[in-house]
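What follows is each chain in one-letter form.
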Amino acid sequence: MNAKDIAYIRRQFKLDNDRLRVFDIFHVYIMKESSEIYHHECQPFALLERDQQELFMGNFKKVLSGRLDEKLFELHFRTETGTVTELEAGAEHPAGNHSKNHSENHSRRILYQALQAQDVEEWKEQMLRLVDKMLTDFQFAKDTVITFIRGEVYKPAKKREEVTEEYEQDEGYAAKFILCSINTTEQPPKTLVFDYISREFKYQVTVDPIIKLAKPQGGFLYPCVQDGYADVNHVLYAAEKANQPDLRMVEEVLDAELPLTAQQDKEVFEEIVREVAGEELEPSTLAQVYEEIKQYIDEHEEEDEPPKLDVQDVERVLVVSGVEDVTAEKVERAFELVTDDRNYELKAANVLPKFSSKSIKIETQAATIAIRPEDLKYIKQVNMRGKRCLVIEIDEDIVIEGFAIKTEDWE
C-alpha cells in the first residue's frame with residue numbers, strides 16, 4: 001500500500017461524500033482498573049448526530065495520518081496459519097487441535113471473517129474477539145475506548161475529463177474495509193461557570209470522562225488496498241508515535257511481523273556508507289548522495305511499489321557522488337556486515353531527509369542550525385588558528401537583532 005493509496009482513502013473521510021459509505025460503528029469501553037470491558041454499543045453510523053459524525057471523521061483521518069514506515073506500517077500477517085484460500089475453506093492445520101485453535105484465533109482469520117460478515121451481530125462478535133486479544137495480559141494506563149467501523153470506499157479508475165447530461169459512471173473499484181481507532185480518556189477540568197437564570201457563579205464538576213478523539217493512540221485499517229485490489233494478507237497499522245510501533249499490538253494482537261521503521265532503515269544505510277567510505281564525509285559529497293537518491297525516487301515515482309536501493313544501487317550512488325575507492329566488493333561486504341544479507345533492500349524514501357523543509361540539524365555547543373539537504377554543499381568544517389569552526393557560505397549580509405554583522409578576514 002503506497003502513500004497515494006493511503007492519502008486517497010484518508011481524504012474520503014468527510015461528510016456528504018458519495019465515495020465513502022460507513023455502515024456501522026462499534027464502541028468498546030475498557031476500564032483501566034480491571035482492563036475489562038465495561039460497556040459496548042453498536043449502531044448504524046448514519047443514525048449518529050451530524051456533529052458526532054464529524055468528530056469521528058476527524059478521528060479516522062488522524063489514524064491514517066503520518067508517513068509510511070514512521071507512523072503507518074503495512075504489516076504482513078505471520079503465515080503459520082496458512083493462506084487466505086485455506087481461511088476461506090476453513091482448512092485445519094495439520095499439527096492437530098492446538099494448531100487448529102491457534103489458527104481459529106489468528107487475527108487474519110478474524111478480520112477476514114468480519115470483512116465477509118453479512119450480519120452486524122456476526123461482525124460485532126469478531127471485533128470483540130480482537131478486543132479480547134488486546135486485553136490479554138495487559139493493563140491499560142487509562143480508561144480506553146476502542147472504536148471499530150466497517151464501510152466501503154469507492155475509487156474511479158480514471159478522472160472524468162468531460163461531464164455531459166448523459167454519461168455512464170466511470171469504471172473503478174469499491175473496497176470493503178474495517179478501521180479501528182484506539183483512544184484514551186481524561187477527566188474534564190473543574191470549572192467556574194455563571195448561571196444566567198439564577199444570576200450566580202457556580203463551581204462545576206463534571207464526572208463524565210472526555211474521549212480524546214483528536215489524539216488517537218493507534219489503530220489499523222484492514223485490508224490494505226494496492227492498485228485497486230484488496231490485499232487481505234496485509235493490514236495497515238497506525239502507531240501512536242513516529243518510529244515507535246507497539247510491539248505487543250503488532251505481534252500479539254494483530255499476529256503480524258514487526259516492521260523495520262524508517263529510522264532503522266536510515267541507520268542501516270548510514271552504517272553501510274560508513275563501512276564503505278569511512279567515518280568522515282565532505283558535506284558537499286553527502287549533499288550529492290542525497291541528490292542522487294532523490295533523483296532515483298523521482299524517476300520511479302509512478303511505480304506501484306516504493307523504490308528500493310540494493311547493493312548495485314548504493315554502489316552507483318556512492319560512485320556518482322564522488323566517494324573514493326568504492327568497489328562492488330566493498331559495498332557487498334558492507335551489506336553483509338550490517339544486515340547479514342547481501343540481497344537486503346533499503347526503501348529509498350526512508351534514507352532521504354525531507355527536501356521540503358530544513359530537515360537536517362547541525363548541533364553545536366553554541367547553536368543548533370537547520371538546513372535543507374541540498375544546502376549541505378555550502379557547509380564546511382575548517383581549522384582556523386587551531387580552532388575548529390563551522391563555515392557557512394552565504395550570499396547576503398547577516399543581520400542580528402537589527403544590526404548588520406561586520407565581516408572579518410581570517411587567515
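Residues numbered from 1 in each chain as written. Predicted model: local features only at pLDDT ≥ 70, side-chain atom pairs only at ≥ 80, totals over all residues. Heavy atoms only, no water.

Section: the packing of helix α8 (residues 262–277) against helix α11 (residues 328–339)
- Interaxial distance between α8 and α11 falls to 9 Å at its minimum, and their mutual angle equals 135°. Of the possible angle classes, the one that applies to α8 and α11 is oblique. Handedness of the crossing formed by α8 with α11: right-handed. Taken together, the residues of α11 that come into contact with α8 (itself represented by Val-268, Glu-271, Ile-272, Glu-275 and Val-276) are Lys-330, Val-331, Ala-334, Phe-335, Leu-337, Val-338 and Thr-339.
- Among the residues forming the contact of α8 with α11, the class breakdown is eight nonpolar, one polar and three charged. (Axes fitted to C-alpha atoms, helices over the stretch in contact; angles between N-to-C directions. Helix = DSSP H or I, 4+ residues; strand = E, 2+ residues; numbered from the N terminus. Parallel < 35°, antiparallel > 145°, perpendicular 65-115°, else oblique. Left-handed = near helix turned anticlockwise from the far one by under 90°. Contact = heavy atoms within 4.5 Å. Nonpolar A, V, L, I, M, F, W, Y, C, P; charged D, E, K, R; others polar.)

A word on the nonpolar core
- Of all hydrophobic cores here, the largest spans 35 residues; its most connected members are Met-127, Met-134, Phe-148, Phe-220 and Tyr-222.
- Examining the composition of this core, we find that six residues originate from one element, helix α6 (residues 120–135), more than from any other.
- Not counting the four nearest positions on each side in its chain, Met-127 is found in contact with Phe-26, Leu-111, Ala-114, Phe-148 and Ile-178.
- With 32 residues, the next largest nonpolar core counts Val-326, Ala-348, Leu-376 and Ile-379 among its residues. (Core = buried A, V, L, I, M, F, W, Y, C linked by side-chain atoms within 4.5 Å. Buried < 20%, exposed > 50% of the residue type's maximum accessible area, 1.4 Å probe, protein only.)

Digging into the pattern of salt bridges
- Overall, the coordinates contain 17 salt bridges when judged by the stated rule.
- A salt bridge links Glu-70 to Arg-67; the shortest N-O distance between them is 3.5 Å.
- Look at Arg-67 and you get partly exposed, because its relative accessible area is 32%.
- Connected through shared salt-bridge partners, Arg-78, Lys-133 and Asp-255 make up one network. (Salt bridge = Lys/Arg side-chain N within 4 Å of Asp/Glu carboxyl O.)

What about a nonpolar patch on the surface?
- On the surface, Leu-192, Phe-194, Tyr-196, Phe-201, Tyr-203, Val-205 and Val-207 cluster together into a nonpolar patch covering about 890 Å² of accessible area.
- Contributions of two or more residues to the nonpolar patch are made by β6 (191–195) and β7 (200–204).
- Tracing the backbone shows Val-205 in the loop between β7 and β8 (210–211). (Patch = residues over 30% accessible without salt bridge, like charges linked within 9 Å, V, L, I, M, F, W, Y side chains within 5 Å. Areas by Shrake-Rupley, 256 points an atom, 1.4 Å probe, with all protein chains shown as cover.)

Some points on the pairing of strand β15 (residues 360–363)
- With burial as the criterion, only one face of β15 is covered, namely that bearing Ile-360 and Ile-362; the residues Lys-361 and Glu-363 on the opposite face remain uncovered.
- For β15 and strand β16 (residues 368–371), the ladder comprises four bridges, and the chain directions are antiparallel. The partner of Ile-360 across the bridge, within β16, is Ile-371.
- Hairpin connection from β15 to β16: four residues lie between these consecutive antiparallel strands. (Pairing = 2+ DSSP bridges.)

With respect to the confidence of the model for the chain
- Considering every residue of the chain, the mean pLDDT works out to 87; 91% of them sit at 70 or more.
- Between residues 160–169, whose pLDDT stays under 50, and residues either more than four places distant or in other chains, the model counts three contacts. (pLDDT = per-residue confidence, 0-100.)

Comments concerning unusual backbone geometry
- In this structure, the amide linkage connecting Tyr-222 to the following residue, Pro-223, adopts the cis form with an omega of -5°.
- You can see Pro-223 is positioned in the loop between β9 (218–222) and β10 (224–226).
- One non-glycine residue with positive phi stands out, namely Arg-199, at about 55°.
- Here the phi dihedral of Asp-255 falls at roughly 55°; this positive angle occurs in a residue that is not glycine.
- By secondary structure assignment, the location of Asp-255 is in the loop between α7 (247–253) and α8.

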